Amino acid sequence: MTNGKLLACAFAAVGLVSIPRQASAIDRLTDQEMKKLFDTIEEDRSKFEGALDDKQKNTTIKDARGEVNANEFFDDFQDQVQRASDRFESDYSASSEVLSLLQYAVRLQGWTATQPAGFSASKEWGVLATDLRRLAAAYNTAMPNPGQQGLGSIAQARRINDAELVTAAANVEKKIDGFRSAYDSALADNTSITSETRQAAIPAGRLNEEICAGAQRRAGGQEGGGLGGGCAVERDQGHRRDGVEAPAEFPGDGVGMPLRDDLATIALAYEVTPASK
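All of these numbers come straight from a predicted model, not from anything done at the bench.

*Asks:* Could you give an account of the overall build of the protein, naming the residues involved and the relevant values?
*Replies:* The helix and strand inventory of the protein stands at 10 helices and 4 strands. Reading the protein from its N end, one meets helices and strands in the order α-α-α-β-β-α-α-α-α-α-α-β-β-α. The 277 residues of the protein split such that 46% are buried. Nonlocal contacts in the protein, meaning residues at least 24 apart in sequence, comprise 76% of its contacts between residues at least 6 apart. Only carbon and sulfur atoms are counted for the fraction: they give 48% of the accessible area of the protein, which is about 13400 Å².

*Asks:* How would you explain the pairing of strand β2 (residues 66-69) if you had to name every residue and give the values?
*Replies:* Inspection of the sheet shows strand β1 (residues 60-63) paired to β2 by 4 bridges, in the antiparallel sense. In the strand pairing of β2, K62 is matched with E67.

*Asks:* Quick one: what's the story with the environment of G50, residue by residue and with numbers?
*Replies:* With respect to the helices and strands, G50 occurs in helix α2 (residues 31-51). Along the backbone, G50 and S120 are 70 residues apart, and their C-alpha atoms lie at a distance of 9.8 Å.

*Asks:* So what's going on with the pattern of salt bridges? Which residues, and what values?
*Replies:* Enumeration according to the criterion identifies 8 salt bridges in this entry. With its nearest N and O atoms 2.7 Å apart, the salt bridge here joins E49 to R45. Of this pair, E49 and R45 both sit in helix α2, 4 residues apart, which is roughly one turn of the helix. Judged by relative accessible area, which is 15%, E49 ranks as buried. Exposure remark for R45: the relative accessible area of 4% places this residue in the buried category. In this structure, R87 and E97 form a salt bridge, with 3.2 Å as the shortest nitrogen-oxygen distance. With R87 in helix α4 (residues 70-87) and E97 in helix α5 (residues 95-113), this residue pair connects regions lying 10 residues apart in the sequence. Take R87: its relative accessible area is 40%, and that puts it in the partly exposed class. Residue E97 is classed as buried on the basis of its relative accessible area, which comes to 11%.

*Asks:* Break down helix α6 (residues 122-138) for me, citing the residues and quoting the values.
*Replies:* Over its 17 residues, α6 runs 24 Å from end to end, which matches the ideal 24 Å to within 8%, given 1.5 Å per residue. On the buried face of α6, the contacting elements are α2, α4 and α5. After α6 finishes, the residue N140 shows a positive phi value of roughly 60°.

Cut-offs and rules
- Residues numbered from 1 in each chain as written.
- Predicted model: local features only at pLDDT ≥ 70, side-chain atom pairs only at ≥ 80, totals over all residues.
- Heavy atoms only, no water.
- Helix = DSSP H or I, 4+ residues; strand = E, 2+ residues; numbered from the N terminus.
- Buried < 20%, exposed > 50% of the residue type's maximum accessible area, 1.4 Å probe, protein only.
- Contact = heavy atoms within 4.5 Å.
- Areas by Shrake-Rupley, 256 points an atom, 1.4 Å probe, with all protein chains shown as cover.
- Pairing = 2+ DSSP bridges.
- Salt bridge = Lys/Arg side-chain N within 4 Å of Asp/Glu carboxyl O.
- Expected span 1.5 Å × (residues − 1).

Written out as structure tokens, the structure reads:
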């Protein structure tokens, strides 16, 4: 079994599932890349506001939250961009500040949707909107599509910074061998699984430490943002991988619990959604 498949089984065993996409090295932004993204958002925000004409700046932004003068809203939006950027540190991901920023962004997107096609600053808005979607993805959420504002206020945003990811990866590295042994035993004891499936699921040898060591290197800024050894947290097909499924009766409470919190942290860092209970 490859590192990626074993890690996927570990996620399944402790009650985590995946979403229908693949998390690869380019998905997760490092802390350094996040700081650059905040700078880019401010630059593109300034260009967008500067490209608006005076008539647009003096209109009223109306939405479910009420009415506000556009000029005042743009000032508040600028302040929130700066607040989120200033608060972001290696030991604080500024999730609450980014949540507020993204809520402003949703309202701004709703306003731009009411403007005529090709309005002044429409090009600049397209660039800024791309920045904001990247920011939302980095905090495990998403901007609603244009026209979905009625559905679309962002309710939560959460990012795992590099130091927190490194700690979780180190903890999993310490605990994973015990999980692997218990997983092998659970497979051996499960008489409902065919011998072919059992043989395909049993790891062929000790877990390569590249999974967690690689995560540590990359989160520490030595490499890109992905998992080690070239493996990825595969997010397609739920908790199945190439037809191999973790046993439904896997004893998660007795075996998976020591890994649960750290794996949940890694899952969130790579935008893998925990299963609802």
